[in-house]
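If you want the building blocks of each chain, they are given just below.
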Amino acid sequence: MTAIQPDEALAQAYDGITAVVDGRDDADLQRPTRCRGWLVADLLFHLLGDAQRALVALASPAAGPADVDDVSYWRGFPAGGGDDGRHAWWVRRSAAAFDRPTGIVQLWAETAPAAVRAARAADPTGYVATQGHVLRVPDFLATLTTEAVVHHLDLTPELPGAPPPGPLAVRVAVTAVDGLLSDDTVRPTGWDDHEFLLKATGRLPLTDRDRLELGESAGWFPLLG
């Protein structure tokens, strides 16, 4: 399998988000998403925070070594974490401060490409600090890509004609979620990558057949929130 360049995967992930929201009117941006309580504009504001966090982290190199990688990082963010409700409420209030939802799209369109440029310019052997952890730059970019892909899938249910996330970005996200499974867990054969990500993050419930195929590993789901 060809190695994925982390900055290219992030570029594809962020370009995918832009493709979903670009040209949408205020009505579309106020449609519901898979994230409970969040409209499209709210979720885009949350993603904007990730892009801004990337700019800060990449401009502020940290001393190593890393304490987490692109998989173990997610163990600090289990589904149903205690601050989920508080953060969701803060995002909704912050997004509502814009005069129109399209203002968030404009800010995203300015910020996301800047984050990608910073990713391309970053030292791939360096380290960054974020969310209380230190990560290698490639692992940090992978975490951003994984979150963007999952939220891309969150954005699209009520947006007709929305494109899916790009394949390189999806491979990064699937690899991260695969890493959260035990070594002896076999993914159900009927799942495609999108279904795997949606079920692994609790967006879709496991069916009885899923539980039968997963066995004891079904108790691990959702793997992250």
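### Looking at the side chain of T185
With respect to the element layout, T185 can be found in the loop between α7 (167–180) and α8 (193–200). Separated by 2.5 Å, the side chains of T185 and S217 make a polar contact. The residues touching T185, leaving out its near neighbours within four places in the chain, are L214 and S217.

### A look at the pattern of salt bridges
For the coordinates displayed, the defined rule picks out twelve salt bridges. In this structure, the salt-bridge partner of D193 is R187, at a minimum N-O distance of 2.8 Å. E213 is the partner of R209 in a salt bridge, and the nearest nitrogen-oxygen pair spans 3.3 Å. On the criterion of helical spacing, the pair formed by R209 and E213 is a turn pair, its members being four residues apart in helix α9 (residues 208–214). By relative accessible area, which is 59% here, R209 ends up exposed.

### Points about the packing of aromatic side chains
All told, the structure shown has six aromatic pairs when counted by the stated rule. When the centroid spacing of 5.0 Å and the interplanar angle of 80° are considered together, the rings of Y73 and W74 count as edge-to-face. No difference in accessibility class separates Y73 from W74, as the two residues are buried. The structure contains a cluster of three or more aromatic residues connected by ring pairs, namely F45, W90 and F98.

### A short note on the nonpolar core
Y14, L58, W108, F140, L141, L197 and F221 are the most contacted members of the largest nonpolar core, which has 65 residues in total. Mapped onto this core, the elements with two or more residues apiece are α1 (6–21), α3 (40–58), α4 (84–96), α5 (102–121), α6 (137–155), α7 and α8. With eleven residues, the top contributor of residues to this core is α3. For L141, the contacting residues outside a window of four places in its chain are P6, D7, L10, L58 and A119.

### Thoughts on the environment of P160
For P160, the position within the fold is in the loop between α6 and α7. Measuring from C-alpha to C-alpha, the distance between P160 and I104 comes to 20 Å, with 56 residues separating the pair along the chain.

### Brief notes about the packing of α1 against α7
Relative to each other, α1 and α7 sit at 110°, their axes nearing to 7 Å. For the element pair α1 / α7, the angle class is roughly perpendicular. For the element pair α1 and α7, the recorded crossing hand is left-handed. Residues A9, Q12 and A13 of α1 form the contact with α7, whose own contacting residues are P167, L168, A169 and V172. The class makeup of the residues in the contact of α1 with α7 is six nonpolar, one polar and no charged.

Cut-offs used in this document
- Residues numbered from 1 in each chain as written.
- Predicted model: local features only at pLDDT ≥ 70, side-chain atom pairs only at ≥ 80, totals over all residues.
- Heavy atoms only, no water.
- Helix = DSSP H or I, 4+ residues; strand = E, 2+ residues; numbered from the N terminus.
- Polar contact = N/O pair within 3.5 Å; in protein donor to acceptor, adjacent residues only side chain to side chain.
- Contact = heavy atoms within 4.5 Å.
- Salt bridge = Lys/Arg side-chain N within 4 Å of Asp/Glu carboxyl O.
- Buried < 20%, exposed > 50% of the residue type's maximum accessible area, 1.4 Å probe, protein only.
- Phe/Tyr/Trp six-rings, centres within 6.5 Å; stacked < 30°, edge-to-face > 60°.
- Core = buried A, V, L, I, M, F, W, Y, C linked by side-chain atoms within 4.5 Å.
- Axes fitted to C-alpha atoms, helices over the stretch in contact; angles between N-to-C directions.
- Parallel < 35°, antiparallel > 145°, perpendicular 65-115°, else oblique.
- Left-handed = near helix turned anticlockwise from the far one by under 90°.
- Nonpolar A, V, L, I, M, F, W, Y, C, P; charged D, E, K, R; others polar.

Note that all results are geometric; they support no functional claim without further evidence.
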